[in-house]
Amino acid sequence: MLRTFRLIDAAALSAVGLWLGACADSSAPTAPKDQFRTELITCQASVSARTLDCAASQPQAARGVSFDLVLGGQGALVRLASSGNAYNSGTFSSNVTVENLIAQSMNTADGTTPDAGGVKVFFNSGPTVTGGTGVVSVANPDGTGAFTGSSQEYFQYSDGAVLLSGATTAAKLWQFSVPTTVTTFEFQVFVTTTLPDEFSAIVALGLSRTPSALTIAPGGSGPTTVLLTRTNFSGAVTLSLGNAPAGVTGSFSPAAPTGTSSTLTVNVGGAVTPGVYHLTINGTGSAGNRSTPLTLTVGTAGSGNVTVDFSSCPVDQRAVWLAAQNGTGPWTRVSGVGDVDNFTIGSGGGGLAYVVLGAGGVPSVTVQYMTEAEFTVGTLVFCPPATGKTINGSVANAGAFDQTAVSLGGRSASVFSSGSPAFQLTDVPDGPQDLVAYDHSLVGGAESAIIRRSQNIADNGTITTLDFASVEAFTPATATITLNGLLGSEQYVQQEMVYQVAANCATAFLYNGDISGATFTAFGIPSSQQQPTDFHGLLVLASTSTGIRIIQQYNHSLVARTLTLGAVMPTPTITTLATPPAYKRLQAVYTLPTDYERSTWFGYQDGANNSVTISATFGYLGGPSTTLALPDFSALSGWDNNWAPSSTSTGTWFVSGNGGSGSVCTEGASVKAATVNGTY
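Values in this document were obtained by computation on a predicted structure and should not be read as measured data.

Calculation rules
Just so you know, the residues in each chain are numbered from 1, in the order the chain's sequence is written. Per-residue local features of the predicted model are confined to residues with pLDDT of at least 70, and side-chain atom pairs are confined, for both listing and counting, to 80 or more; whole-chain, interface and lining totals are unaffected and use all residues. Values reported for side chains reflect all heavy atoms of the structure, with hydrogen atoms and water molecules removed beforehand. Think of it this way: any DSSP run of H or I at least four residues long counts as a helix, any run of E at least two long counts as a strand, and we number them from the N terminus. Throughout, the Shrake-Rupley method with a 1.4 Å probe supplies accessible areas, and for residues the shown protein chains are the sole cover considered. At least two DSSP bridges between two strands are needed for those strands to be called paired. Orientation is described by lines fitted to C-alpha atoms, with helices fitted over the stretch in contact, and by angles between N-to-C directions that extend from 0 to 180 degrees. Grouping buried Ala, Val, Leu, Ile, Met, Phe, Trp, Tyr and Cys residues that are joined through side-chain atoms within 4.5 Å yields what is termed a nonpolar core. A simple rule labels every residue: compare its accessible area, found with a 1.4 Å probe on the protein chains alone, to the largest value its type can have, and call it buried under 20%, exposed over 50%, or partly exposed in between. We call two residues contacting when some pair of their heavy atoms lies within 4.5 Å. Definition of a polar contact: a pair of N or O atoms within 3.5 Å, with one able to donate and the other able to accept a hydrogen when the atoms are protein atoms, and with sequence-neighbouring residues admitted only if both atoms are side-chain atoms. Think of a salt bridge as a Lys or Arg side-chain nitrogen and an Asp or Glu carboxyl oxygen that are within 4 Å of each other. Working definition: rings of Phe, Tyr and Trp (its six-membered ring) pair if their centres are within 6.5 Å, and the pair is stacked with planes under 30 degrees apart, edge-to-face with planes over 60 apart, and tilted otherwise. When the sulfur atoms of two cysteines come within 2.5 Å, that pair is taken as a disulfide. Patches here: salt-bridge-free residues with over 30% relative accessible area, like charges joined within 9 Å, nonpolar side chains (Val, Leu, Ile, Met, Phe, Trp, Tyr) joined within 5 Å. Residue-level confidence of the predictor, termed pLDDT, takes values from 0 up to 100.

Concerning the overall build of the chain
Then, in step 1: In terms of helices and strands, the chain carries two helices and 50 strands.
Then, in step 2: Per element, the accessible surface of the chain, about 26,700 Å² overall, is 51% carbon and sulfur.

This is how it looks when you write it as structure tokens:
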């Protein structure tokens, strides 16, 4: 039978009070972190890119609303996936399916008899225009109802049918009325259904992979990470590769994970016919059987030695257009599968160019030049998925005007004395990690620190309160630092400190933003609290209205020392290239100082925030003489001249470089960087 729950008294309700939003199949999902809070997931649509996808969830306070049973949790409890996106005559359309990831059947009260209500995906808010102007509306809803509000539009699935655990509904066409003046829009959805057991804690298993597509030449192999999103389930999941043609095999490590990930290596035999193959990754466990698709493109032998992966990025951070240049040859449009692209770079190095339509549909053009070795060091993953643990905690007895930084395994969170003492660390690597908490006064008061070594806290676990009045807290060390090479025009000097810990050299933040001068006091960890693998990383920034210089130096002990800034970045010669006239092609010519012979950037931006960034490694340049310019892409398929600043635009430009010596967690290692900026 149908039951109604009210999110008022969390202590009195069971875990079925969880309600979470969902949309699309993209980034690595995360399981619900708490009971009885909403997880609004914003779904984003790009008209020009023909994409429908979802960003990260946004926790919201639970209100006194009532409903049957509302689920969601993209990739955790359900998965909504879109395909066949199109835009024609003012209508944006997408075919959307719903996958049941919980251990129970949906749309049934007894496990066998279908419920009349079906599985409804309802709009909690939106559609709202985020790029361009106009009004977007749902064009073909199946109806309206009162779920978390009144008159909420919905699409209904599984009419007259039970949606079994692990099953996916037939696709339903979603249509939106979108005027041509709109470039992007967003909305938020939830899923409501009936379950046989609405009192016990929900058990669920989600299966996904990143990247979602591989391009492998015959005789080669390639990896993808299988991600398992668990909800109240810790059992083993046996993994296998399905729909593979003869000559294609897969091996999993581990083959039956009890954790949250496994590495799949796909091996392609030398006799496999080039083409596109639609494989499945299957998982079998007590929470139910799951599968996730994997697209394999078998290319010609020796091709495609570079792979770039945008598949885990939010929709507004994915490349809508991508091209590559092999050596000094022509630029070539690259069209990948599942936001994974493959192309060839030879011994002469080459370039990668791509366009991202950011928040509000504001485009950015990026061009990168690197050597073959730099391009092929591994898959270039632009948004690595979050696969670690979530750790909760709180601080106590920090100063009245303090900022507390808490770091564990290279992940950090900040707590301000004026706000809540609670914090949450996400994507924390598994295994023993050193915890560093640093209480920094914003008004020159007392400082305090806590270090706990070899902490291995369970996922969703809670750290014992970090109490700066307790016996484990200690007074930081101080040292007088002299900054050498400071110019009289550099009136603004700022310092910050990080602390590298453990054998994995994980970064812990201590403080930042302190205004300093040519001589200042730095704070850090006293020798009595240090281990041999610990290093301070002091960063100093000196700036004027037209430039910035930065040095960061790593030393084990915090003692009085002198840091020397690198050279001033020279002002480049900026010219406008004559062709094409459709958009602004700027060129910067300059000599890279010795201090910055690692990599360099040239970028410019117009008043509409359209931006171009061009970078090159020193290995690619082969010397300090540098010429960087936006290439002429106007003849390549899919290129839109409106992505770059217009030919009549004015705006700002910058040129920067970085270099240094040694690597982090090496005594005396340093990083130096400088930037110069101007207008065009």
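Thoughts on the sheet that holds strand E25 (residues 331–333)
Then, in step 1: Pairing is mixed in the open sheet, where 12 strands are placed in the order E25-E24-E27-E28-E47-E46-E49-E50-E42-E41-E38-E39. This sheet does not close on itself; its edge strands, each paired only once, are E25 and strand E39 (506–516). Between one strand and the next, the sheet's axes are offset by a mean angle of 15°, whatever the strand orientation.
Then, in step 2: Where strand E27 (residues 350–357) lies against strand E28 (residues 363–370), eight bridges are found, and the strand directions are antiparallel. Across the sheet, the residue bridging to Leu357 is Pro363, located in E28.

Regarding the nonpolar core
Then, in step 1: Within the largest apolar cluster, 34 residues are counted, with the highest numbers of intra-cluster contacts made by Trp321, Phe602, Leu630, Phe633 and Trp639.
Then, in step 2: Every element with two or more residues in this core is listed here: strand E24 (319–326), E27, E28, strand E45 (586–591), strand E46 (599–606), strand E47 (611–617), strand E49 (651–661) and strand E50 (670–679).
Then, in step 3: In contact with Trp321, other than residues within four places in its own chain, are Arg333, Ala353, Tyr354, Val355, Phe633, Leu636, Ser637, Gly638, Trp639 and Trp643.
Then, in step 4: Residues Ile102, Val121, Phe155 and Phe187 belong to the second largest nonpolar core, which totals 33 residues.

Quick look at the sheet that holds strand E21 (residues 275–285)
Then, in step 1: Within the open sheet, the four strands sit side by side as E16-E22-E21-E18. Their pairing is mixed. Edge positions in the sheet fall to strand E16 (213–216) and strand E18 (238–242), since each has one partner strand and no second. Each strand axis lies, on average, 25° off the axis of its neighbour in the sheet, ignoring direction.
Then, in step 2: Pairing of E21 with strand E22 (residues 288–298) involves 11 bridges; the strand directions are antiparallel. Note on E22: the bridge partner recorded for Thr280 is Pro293.

Comments concerning the environment of Arg209
Then, in step 1: By the element assignment, Arg209 lies in strand E15 (residues 204–210).
Then, in step 2: The spatial distance from the C-alpha of Arg209 to the C-alpha of Val226 is 4.4 Å, given a sequence separation of 17 residues.
Then, in step 3: Polar side-chain contacts of Arg209 include one of 3.3 Å to the side chain of Thr292.
Then, in step 4: A polar contact is formed between the side chain of Arg209 and the backbone oxygen of Pro293, at a distance of 2.3 Å.

Side note on the pattern of salt bridges
Then, in step 1: Under the criterion given, the structure shown has nine salt bridges.
Then, in step 2: Put simply, Asp339 and Arg318 hold a salt bridge, and the shortest N to O gap is 2.8 Å. A residue pair is termed long-range when its members are at least 10 positions apart, and Asp339 in the loop between E25 and strand E26 (340–343) and Arg318 in the loop between strand E23 (306–309) and E24 qualify at 21 residues.
Then, in step 3: With relative accessibility at 10%, the residue Arg318 sits in the buried group.
Then, in step 4: The residue Asp534 makes a salt bridge to Arg453 at a minimum N-O spacing of 2.7 Å.

Details of the packing of aromatic side chains
Then, in step 1: Overall, the coordinates contain 30 aromatic pairs when judged by the stated rule.
Then, in step 2: Their ring planes at 10° and their centres at 4.7 Å tell us that Phe155 and Trp174 sit as a pair that is stacked. Placement of Phe155 in strand E12 (residues 152–157) and of Trp174 in strand E13 (residues 172–177) is noted, with a sequence separation of 19 residues between them. No difference in accessibility class separates Phe155 from Trp174, as the two residues are buried.
Then, in step 3: Here the aromatic rings of Tyr369 and Tyr620 are separated by 5.2 Å at their centres, their planes lie at 25°, and the arrangement is stacked. With Tyr369 in strand E28 and Tyr620 in helix H2 (residues 618–621), this residue pair connects regions lying 251 residues apart in the sequence.

Concerning the state of the cysteines
Then, in step 1: On inspection of all chains with the given rule, the structure shows two disulfides.
Then, in step 2: Note on cysteine connectivity: Cys313 is disulfide-linked to Cys383, with sulfurs 2.0 Å apart. Because the torsion about its S-S bond is 100°, the bridge between Cys313 and Cys383 counts as right-handed. Of this pair, Cys313 sits in the loop between E23 and E24 while Cys383 sits in the loop between strand E29 (380–381) and strand E30 (389–396), and the two are 70 residues apart along the sequence.
Then, in step 3: Classification of Cys313 by relative accessible area gives buried; the value is 0%.
Then, in step 4: Among the residues examined, Cys383 registers a relative accessible area of 13% and is labelled buried.
Then, in step 5: The partner cysteine of Cys505 in its disulfide is Cys665, sulfur to sulfur 1.9 Å.

Details of the side chain of Arg318
Then, in step 1: Within the structure, Arg318 has its side chain in polar contact with the backbone oxygen of Ser311 (distance 3.2 Å).
Then, in step 2: At 2.8 Å, the side chain of Arg318 forms a polar contact with the side chain of Asp339.

Brief notes about a nonpolar patch on the surface
Then, in step 1: A cluster of nonpolar residues, Phe401, Phe416, Leu442 and Val443, forms a patch on the protein surface that exposes about 430 Å² of accessible area.
Then, in step 2: Positionally, Phe401 belongs in the loop between E30 and strand E31 (402–408).
Then, in step 3: Of the residues examined, Phe401 reaches a relative accessible area of 55% and is grouped as exposed.

A few points about the environment of Val320
Then, in step 1: With respect to the helices, strands and loops of the structure, Val320 is situated in strand E24.
Then, in step 2: Judged by its relative accessible area of 27%, Val320 is partly exposed.
Then, in step 3: It is 5.8 Å that separates the C-alpha atoms of Val320 and Val355, two residues lying 35 residues apart in sequence.
Then, in step 4: The residues contacting Val320, other than those within four sequence positions of it, are Ala49, Arg333, Val355, Leu357 and Trp643.

Thoughts on the environment of Gly247
Then, in step 1: The residue Gly247 is located in the loop between E18 and strand E19 (248–253) in this model.
Then, in step 2: Remark: the alpha-carbon pair of Gly247 and Val272, spanning 25 residues in sequence, is separated by 5.9 Å.
Then, in step 3: Every residue in contact with Gly247, bar those within four places of it in the chain, is listed here: Asn267, Val268, Gly269 and Val272.

Some points on unusual backbone geometry
Then, in step 1: A cis amide bond links Thr210 to the next residue, Pro211, at an omega of 0°.
Then, in step 2: Within the element layout of this structure, Pro211 appears in the loop between E15 and E16.
Then, in step 3: Each neighbour pair has its own omega, and for Ser253 with Pro254 the value is -5°, a cis peptide bond.
Then, in step 4: Its place among the elements puts Pro254 in the loop between E19 and strand E20 (261–268).

A few points about the side chain of Ser611
Then, in step 1: Counting through the fold element by element, Ser611 comes out in strand E47.
Then, in step 2: Non-local contacts of Ser611, meaning those with residues more than four positions away in its chain, are made with Pro363, Ser364, Val365, Tyr604 and Gln605.

Focus: the confidence of the model for the chain
Then, in step 1: Mean pLDDT over the chain: 86, with 90% of residues reaching 70 or higher.
Then, in step 2: Ranking the helices and strands of the chain by mean pLDDT puts E45 first, with 98, and strand E1 (residues 5–6) last, with 22.
Then, in step 3: Segment residues 1–39: pLDDT under 50, and 144 contacts once partners within four positions in sequence are set aside and those in other chains are kept.
Then, in step 4: Below pLDDT 50 for its whole length, residues 55–72 participates in 76 contacts with residues either more than four positions away or in separate chains.

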